[in-house]
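So you can see what is in the structure, the chains are spelled out below.
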Amino acid sequence: AMNALWQGLGISAMHHGGMVANPIMGLASDRLGRRPILVIALFVTALIMLGLTLIDNPVVFVIGVAVLGFTHYALRPIVQSWALDVVPEELPGSSVSLRSAMQGFFSIIVPPLGGWMADSHGLTAVFISSPAC
């Protein structure tokens, strides 16, 4: 268990990793395509989440969480861009609002489910079954 300082550093590192990643991943998805960037980012995110369950050193854990933020937080604008690429021209606002509504819906449901899973099956089970986006 990490103390509050390390937890705060981890959350900060994750957000900063995502902040750095957004323009980099956006540029990469514009040049290389949405699909390859999403597949790579989702794969790396899954590997990092699995790897985080094995780390006991708080410094290494915070660094891992920063890399997790880099790969995971950059997914949202790429998914949104991809959605705008595939929907009809007259529906961009509807597609973005539907995606946001679904994200909000799952943001309400997933935390209690994660808590139940952690209580019932342990925290490692939550990390292993966490969605990548």
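Residues numbered from 1 in each chain as written. Predicted model: local features only at pLDDT ≥ 70, side-chain atom pairs only at ≥ 80, totals over all residues. Heavy atoms only, no water.

Caption draft 1: Structural detail: the environment of Ile55. Among the structural elements, Ile55 can be located in the loop between α2 (34-52) and α3 (58-72). On a C-alpha basis, the gap between Ile55 and Ser97 in space is 38 Å, while along the polypeptide they are 42 residues apart. Every residue in contact with Ile55, bar those within four places of it in the chain, is listed here: Val60 and Phe61. (Helix = DSSP H or I, 4+ residues; strand = E, 2+ residues; numbered from the N terminus. Contact = heavy atoms within 4.5 Å.)

Caption draft 2: Up close: the side chain of Ser95. Considering the arrangement of structural elements, one finds Ser95 in helix α5 (residues 92-121). Classification of Ser95 as buried rests on a relative accessible area of 14%. One polar contact links the side chain of Ser95 to the main-chain carbonyl oxygen of Pro92, over a distance of 2.9 Å. With residues near it in sequence (within four places) discarded, Ser95 still touches Leu84 and Val87. (Buried < 20%, exposed > 50% of the residue type's maximum accessible area, 1.4 Å probe, protein only. Polar contact = N/O pair within 3.5 Å; in protein donor to acceptor, adjacent residues only side chain to side chain.)

Caption draft 3: Representation of the packing of aromatic side chains in the model. What the rule picks out here adds up to 1 aromatic pair. Relative to Phe106, the ring of Phe105 lies with its centre 5.3 Å away and its plane at 75°, an arrangement referred to as edge-to-face. Take Phe105: its relative accessible area is 42%, and that puts it in the partly exposed class. (Phe/Tyr/Trp six-rings, centres within 6.5 Å; stacked < 30°, edge-to-face > 60°.)

Caption draft 4: Spotlight on the pattern of salt bridges. Tallied over the full model, the rule gives 2 salt bridges. Its salt-bridge partner being Arg34, residue Asp30 comes within 2.8 Å of it at the nearest N-O pair. Residue classification places Arg34 among the buried positions, given a relative accessible area of 15%. (Salt bridge = Lys/Arg side-chain N within 4 Å of Asp/Glu carboxyl O.)

Caption draft 5: Structural detail: the nonpolar core. If you look at the biggest cluster of nonpolar residues, it comprises 9 residues: Ala21, Met25, Ala28, Ile37, Leu38, Ala41, Ala74, Leu75 and Ile78. Apart from the residues within four sequence positions on either side, Leu38 is in contact with Leu75, Ile78, Val79 and Trp82. Listed in part, the 7 residues of the second largest apolar core include Met49, Leu52, Phe61 and Val65. (Core = buried A, V, L, I, M, F, W, Y, C linked by side-chain atoms within 4.5 Å.)

Caption draft 6: Main features of a nonpolar patch on the surface. Side chains of Leu98, Met102, Phe105, Phe106, Ile108, Ile109, Val110 and Leu113 sit close together on the surface and give an oily, nonpolar patch of about 750 Å² of accessible area. Position of Phe105 among the secondary structure elements: in helix α5. (Patch = residues over 30% accessible without salt bridge, like charges linked within 9 Å, V, L, I, M, F, W, Y side chains within 5 Å. Areas by Shrake-Rupley, 256 points an atom, 1.4 Å probe, with all protein chains shown as cover.)

Caption draft 7: Inspection of the environment of Ala125 at higher detail. Following the sequence through the fold, Ala125 ends up in helix α6 (residues 123-129). Ala125 gets classed as partly exposed once you look at its relative accessible area, which sits at 23%. Measuring from C-alpha to C-alpha, the distance between Ala125 and Leu27 comes to 34 Å, with 98 residues separating the pair along the chain.

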